[in-house]
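Now for the letters of each chain:
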Amino acid sequence: SQRVLEVTAAVNAHPPVARGPQLLKNVEVPLKQLEAAPEKERVAFLLEAAALSGEPTPIMLRMALQAMASKLLRGGLSLTSEDAVGLIEAASQPRSVFPHKALLGALRDVPMTPALASALQKMRPMITPYHGGPEMKEIHERIDALVHGPAQKPVAAVSGWSRQIF
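Residues numbered from 1 in each chain as written. Predicted model: local features only at pLDDT ≥ 70, side-chain atom pairs only at ≥ 80, totals over all residues. Heavy atoms only, no water.

Draft legend 1. Inspection of the overall build of the chain at higher detail. A tally of helices and strands in the chain yields ten helices and zero strands. Moving toward the C terminus, one meets the helices and strands of the chain in the order α-α-α-α-α-α-α-α-α-α. The long-range fraction of contacts in the chain, counting pairs at least 24 apart against all pairs at least 6 apart in sequence, stands at 72%. Summing over all exposed atoms, the chain offers an accessible surface of approximately 9500 Å²; the carbon and sulfur share of this is 58%. (Helix = DSSP H or I, 4+ residues; strand = E, 2+ residues; numbered from the N terminus. Contact = heavy atoms within 4.5 Å. Areas by Shrake-Rupley, 256 points an atom, 1.4 Å probe, with all protein chains shown as cover.)

Draft legend 2. Just the layout of surface pockets, in detail. Put simply, the largest pocket is a space of about 300 Å³. Secondary-structure elements contributing two or more residues to the lining of the largest pocket are α5 (59-74), α7 (100-106) and α9 (133-148). Counting residues per element, the lining of the largest pocket draws most heavily on α7, which supplies five residues. Within the lining of the largest pocket, the residues separate by chemical class into eight nonpolar, three polar and five charged. (1 Å grid on protein atoms, 1.4 Å probe; cavity = no way out; pocket = protein on both sides within 12 Å on 5 of 7 lines; lining within 4 Å. Points joined across faces, edges and corners; volume = space filled by probe spheres on them. Nonpolar A, V, L, I, M, F, W, Y, C, P; charged D, E, K, R; others polar.)

Draft legend 3. Inspection of the packing of helix α1 (residues 2-12) against helix α4 (residues 39-52) at higher detail. In the contact formed by α1 and α4, the axes pass within 10 Å of each other and the chain directions differ by 65°. For α1 against α4, the interelement crossing comes out right-handed. Residue-level inspection shows Arg3, Val4 and Val7 of α1 in contact with α4, the latter providing Glu41, Phe45, Glu48 and Leu52. Split into classes, the residues belonging to the contact of α1 with α4 amount to four nonpolar, no polar and three charged. (Axes fitted to C-alpha atoms, helices over the stretch in contact; angles between N-to-C directions. Left-handed = near helix turned anticlockwise from the far one by under 90°.)

Draft legend 4. Highlighting the side chain of Ser81. Topologically, Ser81 is positioned in helix α6 (residues 81-91). The exposure class assigned to Ser81 is buried, which follows from its relative accessible area of 12%. Within polar-contact distance, the side chain of Ser81 engages the backbone oxygen of Pro111 at 3.3 Å. In this structure, Ser81 is in contact with Val110, Pro111 and Thr113, ignoring residues within four places of it in sequence. (Buried < 20%, exposed > 50% of the residue type's maximum accessible area, 1.4 Å probe, protein only. Polar contact = N/O pair within 3.5 Å; in protein donor to acceptor, adjacent residues only side chain to side chain.)

Draft legend 5. Looking closely at α5. Relative to the 22 Å expected for 16 residues at 1.5 Å per residue, α5 spans 22 Å between its end C-alpha atoms, a close match to the ideal helical length. Here α5 lies mainly inside the structure; 13 of its 16 residues are buried. Gly76 sits one or two residues past α5 and shows a positive phi near 80°. (Expected span 1.5 Å × (residues − 1).)

Draft legend 6. Structural view of the nonpolar core. Ranked by internal contacts, the top residues of the largest apolar core, which has 48 residues, are Val7, Phe45, Leu73, Phe98 and Leu120. Of all elements in the fold, only α1, α3 (28-36), α4, α5, α6, α7, α8 (114-123) and α9 reach the threshold of two or more residues within this core. In terms of residue count, α5 provides more of this core than any other element does, ten residues in total. The contact partners of Phe98, leaving out residues within four places of it in the chain, are Leu46, Ala49, Ala50, Ser53, Gln66, Ala69, Leu73, Leu87, Ala91 and Leu103. (Core = buried A, V, L, I, M, F, W, Y, C linked by side-chain atoms within 4.5 Å.)

Draft legend 7. How the structure looks around the confidence of the model for the chain. In the predicted model, the chain carries a mean pLDDT of 84, and 90% of its residues have values of at least 70. Within the chain, no element has a lower average pLDDT than helix α10 (residues 160-165), which sits at 62, and none a higher one than α8, at 93. (pLDDT = per-residue confidence, 0-100.)

Draft legend 8. Molecular detail of α3. Every buried residue of α3 is accounted for by Pro30, Leu31 and Leu34. Projected down its long axis, α3 shows its buried positions confined to an angular sector of 100°, all on one face. Exposed residues on α3 whose side chains face more than 90 degrees from its buried face are Val29 and Ala36. Taken together, the buried residues of α3 touch α1, α2 (21-26), α4 and α5. (Arc of directions from axis to C-beta.)

Have a look at this one:
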């Protein structure tokens, strides 16, 4: 799409940088345009960025798309259930470089439909130790909380007798 071409041009116009503020600074112009665009265009960009996240794309472009997607998702984007399912399905690729935690955070206000629950459950095995052990664990816990509700506290001993049992 035109938006991804603009991001590619912005990335290629600067020397390679690691993650962080400099990366977002390099794509500042297309990011500001996206932030000012209608929500439908932002969702379309996120769908494209999610689809490219697992493809053999140049690493600097993948990192820029990841940073931009994270910023857009954390910026109070209102997603429909259909948008959410599409994003999750697009980001559910092995070794995908996508801001999964930001995506899950954006789902807080999205009604849980059977299709959304199914998409989340299909995404869960795609988050592997490749993403980092602690990161994987946290994403799995967030998925479980979205699909099944908050985790129950384990039973705790409350008296002398129960302390011996537990």
